[in-house]
Amino acid sequence: MTVRELSHRLGQIGQPILPSGITKIETGARRVNVDDLVALAIVLRVVPNRILLDPAADDELISLTPTVNVPRRRAWNWVTGERPLFDDDESRRDPTFRTFRRENRPADSDPSGTQLAKLMALGQEYLTPVISAIHDVLENEDVTFDKVIEYLRFTYAVDEARRSIIDAHPDNQENQPSGGQNRAKRADG
């Protein structure tokens, strides 16, 4: 998109920026206020976070302020409300750590912890090792709770499909006629 086209589109949504202003933004000669940021995100069809951060989510450092440098992955987790910016062992003991995600992701369908409660209702005996592993992963790895739930749903679906195939397979002993009919069928075919 050209600078003129971007300027025109910004004007159409009520946040005009002259082409020269856009050029100054690109060169760092003009600052962007919050209204400009939101309008640019709307016109460029991205979330405001995408304008603020590099597209990569890796371990390369990014400067958020002149004195705060963090890996890009950590910055993305922070701006999307996944984890606090300074996520260390001490902050995990802070009661506000547990509420961070709930407070910063209000559109999530289930508040943090309700999905876990639903899983627990399926059977404490079978899920205790799974719950323990989930807690370990969430506290020690760079994995979100949603990814854990997605994995569990996938493995459940695969297991259900496997059971259906086994149950319907002709070699399954439960699908064989009992007694002499079984032997005769094998001899014929």
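It should be noted that the structure appears before, not after, this text.
Heads up: these notes are all about the structure in this document. Residue positions are counted from 1 within each chain, in the order its sequence is given. In keeping with the predicted nature of the model, local features appear solely for residues at pLDDT of at least 70, side-chain atom pairs appear and are counted solely at 80 or more, and the whole-chain, interface and lining totals rest on all residues. No hydrogens and no water enter the side-chain calculation; it runs on all heavy atoms of the structure.

Let's talk about the overall build of the protein chain
1) Next: For the purposes of this entry, the term helix denotes a DSSP run of H or I that reaches at least four residues, the term strand denotes a run of E that reaches at least two, and both are numbered from the N terminus. Helix and strand counts for the protein chain come out as 11 helices and 2 strands.
2) Next: Along the chain direction, N to C, the helices and strands of the protein chain fall in the order α-α-α-α-β-β-α-α-α-α-α-α-α.
3) Next: When accessible area is computed with a 1.4 Å probe and restricted to protein chains, residues below 20% of their type maximum are described as buried, those above 50% as exposed, and intermediate ones as partly exposed. Residue burial in the protein chain is summarised as follows: out of 189 residues, 25% are buried.
4) Next: At a minimum sequence separation of 6, the contacts of the protein chain that also span at least 24 residues come to 26%.
5) Next: Note on areas: Shrake-Rupley with a 1.4 Å probe; residue coverage comes only from the protein chains shown. When the accessible area of the protein chain is evaluated, it comes to approximately 13,700 Å², of which 54% is carbon and sulfur surface. By the convention used here, residues are in contact when the closest approach between their heavy atoms is within 4.5 Å.

Quick notes on the environment of V137
1) Next: Mapped onto the elements, V137 comes out in helix α9 (residues 124-140).
2) Next: As a C-alpha pair, V137 and V148 span 11 residues in sequence and 8.7 Å in three-dimensional space.

Describing unusual backbone geometry
1) Next: You will see that R45, though not glycine, has its phi angle at about 60°, which is positive.
2) Next: Considering the arrangement of structural elements, one finds R45 in the loop between α3 (34-44) and α4 (48-52).
3) Next: On the accessibility criterion, R45 (76% relative accessible area) is exposed.

Observations concerning the packing of helix α1 (residues 3-12) against helix α2 (residues 19-27)
1) Next: Running from N to C, α1 and α2 point in directions that differ by 110°, and their axes come no closer than 8 Å. Put simply, α1 runs roughly perpendicular to α2. Here α1 runs over α2; the crossing is right-handed. Every residue of α2 that contacts α1 at V3, R4, L6, S7 and L10 is listed here: P19, I22, T23 and E26.
2) Next: Lys, Arg, Asp and Glu make up the charged group, whereas Ala, Val, Leu, Ile, Met, Phe, Trp, Tyr, Cys and Pro make up the nonpolar group; the residues left over, Gly among them, are polar. Looking at side-chain class alone, the contact of α1 with α2 contains 5 nonpolar, 2 polar and 2 charged residues. Angles shown run from 0 to 180 degrees and are taken between the N-to-C directions of axes, each axis being a line fitted to C-alpha atoms and, for helices, limited to the stretch in contact. Any angle from 65 to 115 degrees is called roughly perpendicular, while one under 35 is roughly parallel, one over 145 is roughly antiparallel, and all others are oblique. Crossing handedness: left-handed means the near helix sits turned counterclockwise from the far one by under a right angle, and right-handed means the same turn made clockwise.

Concerning the packing of α1 against α3
1) Next: Across the interface, α1 lies against α3 with an axial gap of 10 Å and an inter-helix angle of 110°. The orientation of α1 with respect to α3, classified from their angle, is roughly perpendicular. The two elements α1 and α3 meet at a crossing, and its hand is right-handed. Note on element contacts: α3 touches α1 through A39, L40, V43 and L44, opposite L6, R9 and L10.
2) Next: Here the residues of the contact of α1 with α3 sort into 6 nonpolar, no polar and 1 charged.

Looking at a nonpolar patch on the surface
1) Next: A patch consists of residues exposed above 30% relative accessible area that lack any salt bridge, with like charges linked at up to 9 Å and nonpolar side chains (Val, Leu, Ile, Met, Phe, Trp, Tyr) linked at up to 5 Å. Basic side-chain nitrogens of Lys or Arg form a salt bridge, by our definition, when they fall within 4 Å of a carboxyl oxygen of Asp or Glu. Together, M1, L44, V46 and I51 make up an exposed nonpolar region whose accessible area comes to about 330 Å².
2) Next: Summarising the element assignment, M1 is placed in the segment before α1.

Topic: the nonpolar core
Side chains of a nonpolar character, in soluble globular proteins, are inclined to be buried together.
1) Next: Counting residues in hydrophobic clusters, the biggest one holds 7 residues: L6, L10, I17, I22, A39, L40 and V43.
2) Next: Looking at this core, the elements with two or more residues in it are α1 and α3.
3) Next: Contacts of I17, omitting those with residues within four sequence positions, involve S7, L10, I22, I25, R30 and D36.
4) Next: Among the buried residues, those of types Ala, Val, Leu, Ile, Met, Phe, Trp, Tyr and Cys that are joined through side-chain atoms within 4.5 Å form a nonpolar core. With 6 residues, the next largest nonpolar core counts I62, V70, W76 and L85 among its residues.

Concerning α1
1) Next: Among all positions in α1, only L6, S7 and L10 are buried. Projected down its long axis, α1 carries its buried residues within an arc of 100°, all on one side. Seen from the buried face of α1, the exposed residues on the opposite side, beyond 90 degrees, are R4 and Q12.
2) Next: At its buried positions, α1 is contacted by α2 and α3.
3) Next: Just downstream of α1, G14 is the residue with a positive phi angle, here 90°. Along the arc lie the directions from the helix axis toward the C-beta atoms.

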